[in-house]
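Here are the chains, one letter per residue:
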Amino acid sequence: QKEVEQDPGPLSVPEGAIVSLNCTYSNSAFQYFMWYRQYSRKGPELLMYTYSSGNKEDGRFTAQVDKSSKYISLFIRDSQPSDSATYLCAMSAGSGTYKYIFGTGTRLKVLA
Amino acid sequence: DAGVTQSPTHLIKTRGQHVTLRCSPISGHKSVSWYQQVLGQGPQFIFQYYEKEERGRGNFPDRFSARQFPNYSSELNVNALLLGDSALYLCASSLGLARTDTQYFGPGTRLTVL
């Protein structure tokens, strides 16, 4: 079983839709949760960073962490064609090497 | 402010050759990490360096090595290249090793091994 599971998609939605992207994990030591956006042939760009359980909002993006269920989500409101990219969740235990464990990424396409 | 920079952008090598990839972190960042991203997969951790010392190593063979220089830039070396080493190699920098120091990624070096 992988430490982090993420539905690879692709996920196609119409412009203006609310998008929900999810990851599950098995390592209860994870405390730091990140969402990155990666356009084709580019490096990942940090979107959101959350610590432990709870919600965090930044503009059209909301990150949600439920440690009891080992489940994290990223919501995108009023999705735009420019949001079309691969979304990667990443997690860290925050101790030792601080390495990030990534999901496989979900490909999102927002249709105009 | 410049972000993380990596060179070269693309590289084509043949099996058995050696390759060196370079990374310059964001100004003020002292930690550099390297990741390998195979097409269709998420990045996989290779190394982390802080203050020129290796602080973490992922599950990669000894053909992979790295170092960090006094100016905090870093090199990733891969010997005896295999076809399976074809991937996007990403460098990420962070301020330090504090738990809240998030990693910022460069554009990557795309390595193709023929």
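Everything below is about the structure printed above this text.
Residues numbered from 1 in each chain as written. Chains lettered and ligands numbered in written order. Predicted model: local features only at pLDDT ≥ 70, side-chain atom pairs only at ≥ 80, totals over all residues. Heavy atoms only, no water.

The next point concerns the environment of S26 of chain A. Residue and element names in this part refer to chain A. Locating S26 in the fold gives a position in the loop between β3 (19-25) and β4 (32-38). The partly exposed category is assigned to S26, whose relative accessible area is 34%. A C-alpha to C-alpha distance of 6.7 Å links S26 and K70, two positions 44 residues apart in sequence. (Helix = DSSP H or I, 4+ residues; strand = E, 2+ residues; numbered from the N terminus. Buried < 20%, exposed > 50% of the residue type's maximum accessible area, 1.4 Å probe, protein only.)

Take the pattern of salt bridges next. Enumeration over the complete set of coordinates arrives at nine salt bridges over all chains. Across the pair R77 of chain A and E57 of chain A runs a salt bridge whose closest N-O atoms are separated by 3.5 Å. In this pair, R77 of chain A sits in the loop between β8 (71-76) and β9 (85-92) while E57 of chain A sits in strand β6 (residues 54-58), placing the two residues 20 residues apart along the sequence. The residue E75 of chain B makes a salt bridge to R67 of chain B at a minimum N-O spacing of 3.3 Å. The class of E75 of chain B is buried, set by a relative accessible area of 11%. Judged by its relative accessible area of 43%, R67 of chain B is partly exposed. Through salt bridges with shared partners, a single network forms among R22, R67 and E75 of chain B. (Salt bridge = Lys/Arg side-chain N within 4 Å of Asp/Glu carboxyl O.)

What follows deals with the interface of chain A and chain B. Taken together, the 21 residues of chain A in the interface contact 24 residues of chain B. Surface buried jointly by chain A and chain B totals about 1800 Å² across both partners, of which 54% is contributed by carbon and sulfur atoms. Here chain A and chain B share zero salt bridges between them. At the boundary of chain A with chain B, the tally comes to four residue pairs in polar contact (both at pLDDT 80 or more). For the side of chain A that touches chain B, the secondary structure elements donating two or more residues are β4 and β5 (45-51) of chain A. Here the element with the most residues in the side of chain A that touches chain B is β4 of chain A; it accounts for three residues. When the residues that make up the side of chain A that touches chain B are grouped by side-chain class, the tally is nine nonpolar, eight polar and four charged. (Contact = heavy atoms within 4.5 Å. Buried area = accessible area lost by both parts, 1.4 Å probe. Polar contact = N/O pair within 3.5 Å; in protein donor to acceptor, adjacent residues only side chain to side chain. Nonpolar A, V, L, I, M, F, W, Y, C, P; charged D, E, K, R; others polar.)

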